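Residue-level structure breakdown
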Amino acid sequence: MVTIYINDKPYQVPENKTVLEAAADLGFKIPTLCHHPELEPIGACRICVVEIEGARTLQPACTTKVADGMKIKTNTERVESAVKFNLSLIMSNHPHECMYCEADGRCELQKLVHMYDVQPIFGVNVNIEKEIDMSSPSVHRDLSKCIKCQRCVRVCSEIQGMNIYSMIERGYESLPETEFGVPLYETDCISCGQCANLCPVGAIYEAPDWKKVWKMLNSKEPGKVYVAQTAPSVRVAIGEEFGMEPGSISTGKMVAALRRLGFDYVFDTNFAADLTIMEEGYELIGRLQNGGKFPMFTSCCPGWVNEMEKEWPELREHLSTAKSPQQMMSSVVKTYFAQKIGVKPEDIVMVSIMPCTAKKDEITRPQQLVDGIKVTDYVITTRELGKLIKLKGIPFVNLPEEQYDSPLGTSTGAAALFGVTGGVMEAALRTAYEVLTGEKLPKLVFESVRGLDGVREAEIDINGRKLKVAIAHGMASVKKLLREMKEGKRYYDFVEIMACLGGCIGGGGQPKSLDPDILKKRAQAIYTIDELSVLRRSHENPDIIKLYEEFLEKPNSHIAHHLLHTHYTD
Ligand code: HC1
Ligand code: SF4
């Protein structure tokens, strides 16, 4: 520990901390813009400057380490006028289009400008003619709004290991660009949306499909049936859009809000996660009993599927052929459910609410069509749903709790786990173990697959066969694991991959957050949903059992393959 002085008062702090971290731990709020708790600090924006006794110039708190006896001032006039000056420099290079910007209301620059009452003293000098890159169905880029914080560059390289952007030009001309400036969709981008999630302004954002959904719900066509489905991790994050505590479980309010937005039916993607476990679990069981490609990889994360096709084509036959729960749900809705309510598949409009931008990309894949029909019509992110609810003036926090519609609304605790890294594995193991042994699991929770380490592994004994499993999340960790497997340093039977840190709870479409514990809080909420569930094994879901009896016959049947499985391309 060392002693530092903040605004003349002494404090004991750990010696390896930065001034920003130490101050935050002590409750001092230092403003930041380029800083993000997930990323290495670079001190680019100079918004977090503080006075340090003995230093000639103001120092950025994010890159300055504490030292014994250091005297720091965070609240002097000199500091405040430097912050204002730096903000007005940024403002002079940023369009003042807040009212119709995608980031309106959640823009970190907008908040700071308001807080410091900054005026545009240098005028506005922006080339707003810059073309917006809308090549990707997932992520759009309007670089006229870029404030050069480099968060997109850093998250894409440090956390995702993708290196899609690098800074070109210098000073105020500098911009995060793709190699040779090609449109994003022509690069190796996997559509994870992490760059959009960490962008503090509206320079990178999810493709705004909320506009289409808004228009559609405001002019509903007679004879059409409007259906929504909600992914496992949306319910533990959507509350943040309305100021609720991170980790709040808002399932019932979210269902109620979707009905008030105009959806005729609200179904639970978790139901389809149980269905995925049946299809993928039986695929694993089949490979174990009859032989097949090992290791087997999960296939529900579309960012991972994109990465596999682009960089690891030799693994194509190792991926489960099971479609993602999103696509299984939509396939079942436009066949089984359409028949039940007596409407044609083309008269159902299916909207998915997902924490993920790559889900927008997934639905454009030709091999996801069922009998020539696109099963999911629109994907909107958690943030976009928040926007729609606000636009409609729905009082989210005070809504009553409502239930999902039946029969595609029942789900188990195993399905809930899909929303967090390790969850698909845990859900699959619960079913694989009990089906293969014919016995109940002595302990339902697999502690060894839980946690937030980038790569985790476990060994599970099933009927004397030691099943070796691994879990990886955050594409940089995933790539490391795959490289080591390729070099023969690691061997597994079954591997779960999620492109984003934390799994879907950390998806690119989730509410933006600067809380360093955000993933832990959302993960805990997911585990709580599992613990509170009456049913905790996918194969015990009564509506899934009924679906097989009435329609799908059995897991991996011919019809199940037709509707619920896919293939991958080169
Ligand atoms: Fe996910 Fe999935 S868990 S991919 O992370 O398998 O997006 O939440 O919906 O499809 O169920 C995302 C989350 C989600 C699918 C499921
Ligand atoms: Fe990188 Fe993901 Fe952004 Fe693509 S979407 S540029 S892979 S962070």
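All of the points below concern the structure found in this document. For every chain, the first residue of the written sequence is number 1, and numbering continues from 1 along that sequence. Labels follow written order: the first chain is A, the first ligand is 1, and so on. With pLDDT at 70 or above as the cut-off, local features in this predicted model cover only qualifying residues; side-chain atom pairs require 80 or more to be listed or tallied, and sums for whole chains, interfaces and linings still use all residues. To get the side-chain values, take all heavy atoms of the structure and skip hydrogens and water.

So, about the side chain of E279. Locating E279 in the fold gives a position in helix 8 (residues 269–290). Burial here depends on accessible area, computed with a 1.4 Å probe over protein chains only, as a share of the maximum for the residue type. Under 20% is buried, over 50% is exposed, and the range in between is partly exposed. Counting rule for charge: Lys and Arg are taken as positive, Asp and Glu as negative, and neither His nor the chain ends is counted. By salt bridge we mean one thing: a side-chain nitrogen of Lys or Arg within 4 Å of a carboxyl oxygen of Asp or Glu. Notably, E279 is buried but unbridged: the nearest opposite-charge side chain belongs to K554, and the N-O separation is 9.9 Å. Apart from the residues lying within four places of it in its own chain, the contact partners of E279 are M328, Y548, K554, P555, N556, A560, L564 and H565. Only DSSP runs of H or I reaching four residues or more are called helices, and only runs of E reaching two or more are called strands; each is numbered from the N terminus. We call two residues contacting when some pair of their heavy atoms lies within 4.5 Å.

Only strands joined by at least two bridges in the DSSP assignment are considered to pair. The four strands lie next to each other as 12-17-16-15, forming an open sheet whose pairing is mixed. Of all the strands in the sheet, just strand 12 (296–297) and strand 15 (455–462) have a single pairing partner and so form its edges. Pairing geometry for strand 12 and strand 17 (residues 494–498), over two bridges, is parallel. Among the inter-strand pairings, F297 is bridged to a residue of strand 17, identified as V495.

Turning our attention to helix 12 (residues 382–391). Burial runs high along helix 12: eight of the 10 residues are buried. Every buried residue of helix 12 is accounted for by T382, R383, E384, L385, G386, K387, L388 and I389. After helix 12 finishes, the residue G393 shows a positive phi value of roughly 70°.

Here we take up the pattern of salt bridges. Any two side chains of opposite charge can pair, given that their charged atoms come close. Tallied over the entire structure, the rule returns 47 salt bridges. D8 is the salt-bridge partner of K73, the closest N and O atoms lying 3.6 Å from each other. With K73 in strand 5 (residues 71–73) and D8 in the loop between strand 1 (2–6) and strand 2 (9–13), the pair connects residues that are 65 residues apart, well separated along the chain. Look at K73 and you get partly exposed, because its relative accessible area is 31%.

For the rest of this paragraph, the subject is the packing of aromatic side chains. Any Phe, Tyr or Trp ring, taking Trp's six-membered ring, that has another such ring centre within 6.5 Å forms a pair; planes under 30 degrees apart are called stacked, those over 60 apart edge-to-face, and the others tilted. Per the stated rule, a full pass over the model turns up seven aromatic pairs. Measuring from centroid to centroid gives 4.5 Å for F242 and F396, while their planes differ by 15°, and the two rings are stacked. Of this pair, F242 sits in the loop between strand 10 (225–230) and helix 7 (251–261) while F396 sits in the loop between helix 12 and helix 13 (413–416); the two residues are 154 residues apart in sequence, bridging distant segments of the chain. For the pair F242 and F396, one class covers both residues: buried. The interplanar angle of 25° and the centroid separation of 5.9 Å between the aromatic rings of Y265 and F267 together place this pair among those described as stacked. For F267, a relative accessible area of 0% translates into the label buried. Here, a charge over a ring means that NZ of Lys or CZ of Arg falls within 6 Å of the ring centre while also lying within 35 degrees of the ring normal. Directly above the ring of F242 sits K390, whose terminal nitrogen or CZ lies 5.5 Å from the centroid.

Further remarks concern the nonpolar core. Nonpolar core, defined: a set of buried Ala, Val, Leu, Ile, Met, Phe, Trp, Tyr and Cys residues in which side-chain atoms within 4.5 Å join the residues together. Membership of the largest hydrophobic core comes to 92 residues, with the highest contact counts inside it found for L109, Y165, I204, F297, W304 and V469. With eight residues, the top contributor of residues to this core is helix 14 (residues 423–437). Excluding anything up to four places from it in sequence, W304 contacts F297, T298, L315, L319, M475, L482, I497 and A499. Listed in part, the 35 residues of the second largest apolar core include F242, L261, F263 and I353.

With that settled, the discussion passes to the site of ligand 2. Here a residue is near a molecule or strand as soon as one of its heavy atoms is found within 4 Å of it. All residues in the neighbourhood of ligand 2 are listed as C156, M162, I164, Y165, C189, I190, S191, C192, G193 and C195. In terms of residue class, the shell around ligand 2 is built from eight nonpolar, two polar and no charged. Think of it as three bins: nonpolar holds Ala, Val, Leu, Ile, Met, Phe, Trp, Tyr, Cys and Pro, charged holds Asp, Glu, Lys and Arg, and polar takes everything else, Gly as well.

Taken together, 16 residues are adjacent to ligand 1, and A231, S233, Q326, K359 and C504 come closest. For this analysis, a polar contact is any N or O atom pair within 3.5 Å, provided that within protein one partner can donate a hydrogen and the other can accept it, and provided that sequence-adjacent residues contribute only side-chain to side-chain pairs. At a separation of 3.5 Å, an oxygen atom of ligand 1 approaches a polar backbone atom of P232. Those elements giving two or more residues to the shell around ligand 1 turn out to be helix 8 and helix 10 (325–341). Across the shell around ligand 1, the residue classes break down as 11 nonpolar, four polar and one charged.

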